[in-house]
Amino acid sequence: MYLKDKVAVVTGASNGIGREIAKRLAEGGAAVVINYRKSKEKAEELKAELHSLGLQAEIFQTDVAVFSEAEKLINFAIEKFGRIDILVNNAGITADNLIMRMSEDDFDRVLNVNLKGTWNCSKHAAKYMAKQRAGRIINISSVVGIVGNPGQSNYAAAKAGIIGMTKALAKELAKRNITVNAVAPGFIKTEMTEGLKAEWISEIEKNIPLGRLGETEDVAKVVAFLCGEGAEYITGQVINVDGGLVM
Ligand code: NAP
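Residues numbered from 1 in each chain as written. Predicted model: local features only at pLDDT ≥ 70, side-chain atom pairs only at ≥ 80, totals over all residues. Heavy atoms only, no water.

Right, let's get into the site of the ligand. Taken together, the neighbourhood of the ligand is formed by 32 residues, with Ser 39, Asp 63, Asn 90, Tyr 155 and Thr 190 sitting nearest. In this structure, an oxygen atom belonging to the ligand sits 2.7 Å away from a main-chain N or O atom of Asn 90. Taking Tyr 155, its side chain carries an N or O atom lying 2.5 Å from an oxygen atom of the ligand. In the complex, the protein chains occlude 94% of the 900 Å² of accessible area that the ligand would expose alone. Residue assignment for the shell around the ligand shows that the elements contributing at least two residues are helix H1 (16-27), strand S2 (31-36), helix H6 (153-173) and helix H7 (191-194). Residue composition of the shell around the ligand, grouped by class: 13 nonpolar, 14 polar and 5 charged. (Near = heavy atom within 4 Å. Polar contact = N/O pair within 3.5 Å; in protein donor to acceptor, adjacent residues only side chain to side chain. Areas by Shrake-Rupley, 256 points an atom, 1.4 Å probe, with all protein chains shown as cover. Helix = DSSP H or I, 4+ residues; strand = E, 2+ residues; numbered from the N terminus. Nonpolar A, V, L, I, M, F, W, Y, C, P; charged D, E, K, R; others polar.)

As structure tokens, this is what we get:
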């Protein structure tokens, strides 16, 4: 149990990649706070699954885009488990459209959840991690934040912003022994990519050197590595998990 006695908060853990990350960290021995916004049933289901395996998990509803709500999420982890060792900023949404058609609201919503949500949770968690003189923050960005994508000017801006924020915080928090890294997935099979047309998917697969879309486990494994002993000396990095799509 390489994460024994560690406490992890995973935002957006009711679904997709976040769900898999929460599961993997709990399996590693961490007590996990499963954050969700709307999908209460799915969050409850994950909690029950982890409890049935004898693992520690609690759920907490929060919209990470709201500063005071993010504070409540981090405080919940402290009240329940007494500390916070790992924060995975995973909650994310898309609202794609070409700029001519994208509404201001779609721009603001995507920036608020993906980018400001990451800052909100990091700010509140960093306070406790600094006191503990230890912590790991892992931000889920996207390869879209590195190479861009038509129809995703809002999402690409948010994900690129996360990369800049990761590096700034890595430099700022290193003296408190807090590492901050980003993981940039490529195309991963989740609800977010479910809506893509089959022809699109086979087109995408042709451009992925490893020849397949990613699984949620592919991302969760890398996040788990960044939380463990092997990643002690890694900070300010962006690790692409994309089958070689971007290199
Ligand atoms: P997903 O299946 O749509 O899940 C998104 C999760 O975020 C859900 O648990 C959702 O909770 C939560 N969420 C959304 N808005 C929230 C908010 N305001 N506050 C708290 N939680 C919120 O998405 P996914 O594909 O797993 O993506 C997870 C992360 O990976 C995102 O940051 C995404 O941008 C990134 N990513 C995904 C891919 C991909 O191919 N799938 C590629 C690159 C990066 P509720 O359902 O409870 O609202």
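Strands sit in the order S3-S2-S1-S4-S5-S6-S7 across an open sheet of 7 strands; the sheet is parallel. Edge positions in the sheet fall to strand S3 (57-61) and strand S7 (238-241), since each has one partner strand and no second. For this sheet the average axis-to-axis angle between neighbouring strands, irrespective of direction, equals 20 degrees. Across 4 bridges, the pairing between strand S6 (residues 178-185) and S7 is parallel. (Pairing = 2+ DSSP bridges. Axes fitted to C-alpha atoms, helices over the stretch in contact; angles between N-to-C directions.)

Our next topic: the side chain of Asn 154. Tracing the backbone through its elements, the reader meets Asn 154 in helix H6. Here Asp 106 takes part through its backbone oxygen, which lies 3.3 Å from a polar atom of the side chain of Asn 154. Aside from chain neighbours lying at most four places away, what touches Asn 154 is Ala 95, Met 102, Asp 106, Phe 107, Val 110 and Leu 111. (Contact = heavy atoms within 4.5 Å.)

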